[in-house]
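# Reading the structure
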Amino acid sequence: MSVTALQEVPSLVHGDVLFGEPLARYTTYRIGGLAGALVKPQGVEDVAALMQFCRESGTQWLVLGLGSNVLIADTGFDGLVIRLGRGMDGVRHSAEAPEIWHVGAGLPTPRLARQTARAGMAGVHRLIGVPGTVGGGVFMNAGAHGQEFKAAVRRAAIVDDEGTVRLLDASEISWRYRASGIRGIVTSAELALTPADSNVLFREIRRHFRWRREGTPFDQPCCGSVFRNPAPDTGADGRTAGQLIDAVGLKEFRIGDAQVSSKHANYIVNLGHASASDVMAVIEAVRERVFRSTGIALELEVKIIP
């Protein structure tokens, strides 16, 4: 990537631009080399300008929210990293239509879960344990405890690969398990929620959060689930990816400082100084062992950024 081209970026946006920024600071894995440039846009106009710049200059781009569900290479990413957070995390809804919420892509999903529950609105409160932002959640149709974003989204605002701002109705989105088919960057979402008793919703939140705390390594650096759960036609007989990994004896399997969690086998945790190479070595060892023992080829849920 041309460093000269990236020097133009600060003149295009209102948000901060950081050159050579360590990406480990922006991922839940606490892993990742340096960014060519990292931008913290302050609005949709910034995102559109950045996408137009990338198209015209041939610059590779990567979007991050809270940095979950990604593993970034130790060599980093020499293109443009667009980090959605403050400035793009607004929430608004009106007294006239209290069930319709307009939510910025940079809002953390757990915060959305709590805010909607506090307002007595059901539909996304069970996503309390999803470790990412609304933008990433819509893009990958994140879900937990029987809820997925696709059930609540009415519309999604995006900036496409050309830098054009577009509004997609839910019917235009190719929803499927942990994917949406959206091409571009989600900048906000319009959600349709359902009135409910706030006390009941918070009881559900506490129960699901307790399950997350007791059943997953939520307090250790990780990306969330590493592998997708196998489809019904794979011969897994209803077993999850974690159950298959556990069955072949790989809990606590370790290479360097990357280890299969003792709490949940579909999580690979960073014990302190793991590299992306360590994590990839564990991933390949797990896939090989599970395939050799069961004939099931585990598919990645985590996105690998080479």
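These remarks concern the structure in this document. (Residues numbered from 1 in each chain as written. Predicted model: local features only at pLDDT ≥ 70, side-chain atom pairs only at ≥ 80, totals over all residues. Heavy atoms only, no water.)

### Considering the packing of aromatic side chains
Going through the model one piece at a time under the given rule, you end up with 1 aromatic pair. Measuring from ring centre to ring centre gives 6.0 Å for Phe209 and Phe218, while their planes differ by 75 degrees; the resulting arrangement is edge-to-face. According to the relative accessible area criterion, Phe209 is partly exposed, its value standing at 27%. Accessibility expressed as a relative area gives 44% for Phe218, which makes it partly exposed. Of note, Arg114 hangs over the ring of Phe209, and the distance from its end group to the ring centre comes to 5.9 Å. (Phe/Tyr/Trp six-rings, centres within 6.5 Å; stacked < 30°, edge-to-face > 60°. Buried < 20%, exposed > 50% of the residue type's maximum accessible area, 1.4 Å probe, protein only. Lys NZ or Arg CZ within 6 Å of the ring centre and 35° of its normal.)

### Looking at the side chain of Ser180
When you line up the elements, Ser180 lands in the loop between strand E12 (165-169) and strand E13 (185-192). Taking relative accessible area as the criterion, Ser180 reaches 2% and is therefore assigned buried. Of the polar contacts made by the side chain of Ser180, one reaches the backbone oxygen of Phe139; its length is 2.7 Å. Looking at Ser180, its side chain comes within polar contact range of the main-chain nitrogen of Ile182, at 3.2 Å. Setting aside residues no more than four positions away along its own chain, Ser180 makes contact with Val138, Phe139, Ile173, Ser174 and Trp175. (Helix = DSSP H or I, 4+ residues; strand = E, 2+ residues; numbered from the N terminus. Polar contact = N/O pair within 3.5 Å; in protein donor to acceptor, adjacent residues only side chain to side chain. Contact = heavy atoms within 4.5 Å.)

### Quick word on the sheet that holds E13
On the basis of which strands lie adjacent, the open sheet formed by 5 strands has the order E6-E7-E13-E11-E12 and antiparallel pairing. Each having just a single partner strand, strand E6 (91-92) and E12 make up the two edges of the open sheet. Relative to E13, strand E11 (residues 153-159) is paired through 6 bridges, and the arrangement is antiparallel. Residue pairing for E13: Val153 is matched across the bridge by Leu191. (Pairing = 2+ DSSP bridges.)

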